[in-house]
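Observations on the model geometry
The primary structure of each chain is shown beneath.
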Amino acid sequence: MMWSYILKLVILLPLVCGLMVGCLYLWRRLEQRMPGNAGDRLLSVRETMMVAPGLKLAVLEFDGKRLLVSVARGGVTLIDKAGQ
C-alpha cells in the first residue's frame with residue numbers, strides 16, 4: 001500500500017510541476033499580445049466611440065500623427081489626419 005503511494009508521488013509530482021512551468025511559460029508569451037500591452041508597436045488605438053449600431057469612430061496614433069477613422073461593417077474610412 002505504501003509503495004503504491006510513493007510510486008504515484010514519484011510519477012505525478014514531476015508531471016504537475018511540468019504543467020505549472022509550461023503554463024507560466026505560455027502565459028508570459030501570450031501576455032505580450034494582450035490588448036492592454038502596447039509594447040513596441042508602431043500603431044496604437046487611443047480611443048474608440050460607438051456612434052451607431054455597427055458604426056464606430058476610432059483615434060489611431062501612427063508615427064506621431066493621429067488619424068480619425070470610421071469603422072463600419074463595410075470597412076474602414078479615413079476621416080481626418082492631425083500631425084503633431
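Scoring rules and cut-offs
Position numbers for residues start from 1 in each chain and track the written sequence from start to end. Whole-chain, interface and lining totals are the exception, using all residues; otherwise, since this is a predicted model, local features are given only for residues with pLDDT of at least 70 and side-chain atom pairs are given and counted only at 80 or more. Each side-chain value is worked out from all heavy atoms of the structure, with water and hydrogens disregarded. For the purposes of this entry, the term helix denotes a DSSP run of H or I that reaches at least four residues, the term strand denotes a run of E that reaches at least two, and both are numbered from the N terminus. Computation of the radius of gyration draws on C-alpha atoms alone. For the globule rule, the value is 2.2 Å times the number of residues to the power 0.38. Any residue under 20% of the maximum accessible area for its type is buried, any over 50% is exposed, and the rest in between are partly exposed; the area is computed with a 1.4 Å probe on protein chains only. Whether two residues are in contact is decided by their heavy atoms: any pair within 4.5 Å suffices. All accessibility values rest on the Shrake-Rupley procedure with a 1.4 Å probe; residue burial counts only the protein chains present in the view. In this tally Asp and Glu are treated as negative and Lys and Arg as positive; neither His nor the chain ends contributes. Charge coordinates come from a single atom per side chain, which is NZ of Lys, CZ of Arg, CG of Asp or CD of Glu. In short, DSSP must find at least two bridges between two strands for them to pair.

**Notes on the overall build of the protein**
- Counting its regular elements, the protein contains 1 helix and 4 strands.
- On C-alpha atoms alone, the protein measures out to a radius of gyration of 24 Å, which is more than a quarter above the 12 Å that the 2.2 N^0.38 rule sets for 84 residues.
- Principal axes of the C-alpha set define a box for the protein whose edges measure 75 × 30 × 15 Å.
- Taking all 84 residues of the protein together, the buried fraction comes to 6%.
- Within the protein, contacts between residues at least 6 apart in sequence are counted, and of these 0% link residues at least 24 apart.
- Total accessible area computed for the protein in this model is approximately 7,700 Å², and 66% of it derives from carbon and sulfur atoms.
- Averaging the coordinates of the 11 positive side-chain charges in the protein and doing the same for the 6 negative ones gives two points 10 Å apart.

**Things to note about the side chain of Ser70**
- Relative to the assigned elements, Ser70 resides in strand β3 (residues 65–72).
- Given a relative accessible area of 14%, Ser70 falls into the buried group.
- Setting aside residues no more than four positions away along its own chain, Ser70 makes contact with Leu55, Lys56, Leu57, Gly75, Val76, Thr77 and Ile79.

**Regarding the pairing of strand β2 (residues 55–62)**
- Pairing of strand β1 (residues 43–52) with β2 involves 8 bridges; the strand directions are antiparallel. Residue Val45 lies in a different strand from β2, and its bridge partner there is Leu60.
- Here β1 folds back onto β2, and the loop between the two strands holds 2 residues, one of which, Gly54, carries a positive phi near 85°.
- Where β2 meets β3, 8 bridges bridge the pair, whose relative direction is antiparallel. In the strand pairing of β3, Lys56 is matched with Val71.
- Taking the residues between adjacent antiparallel strands as the criterion, β2 and β3 are bridged by 2 residues, where Asp63 takes a positive phi near 55°.

**A look at the environment of Ala72**
- Among the secondary structure elements, Ala72 is positioned in strand β3.
- Taking the relative accessible area as the measure of exposure, Ala72 reaches 33% and is therefore partly exposed.
- Along the backbone, Ala72 and Leu57 are 15 residues apart, and their C-alpha atoms lie at a distance of 8.8 Å.
- In this view, Ala72 contacts Gly54 and Leu55; residues no more than four positions away in its chain are not counted.

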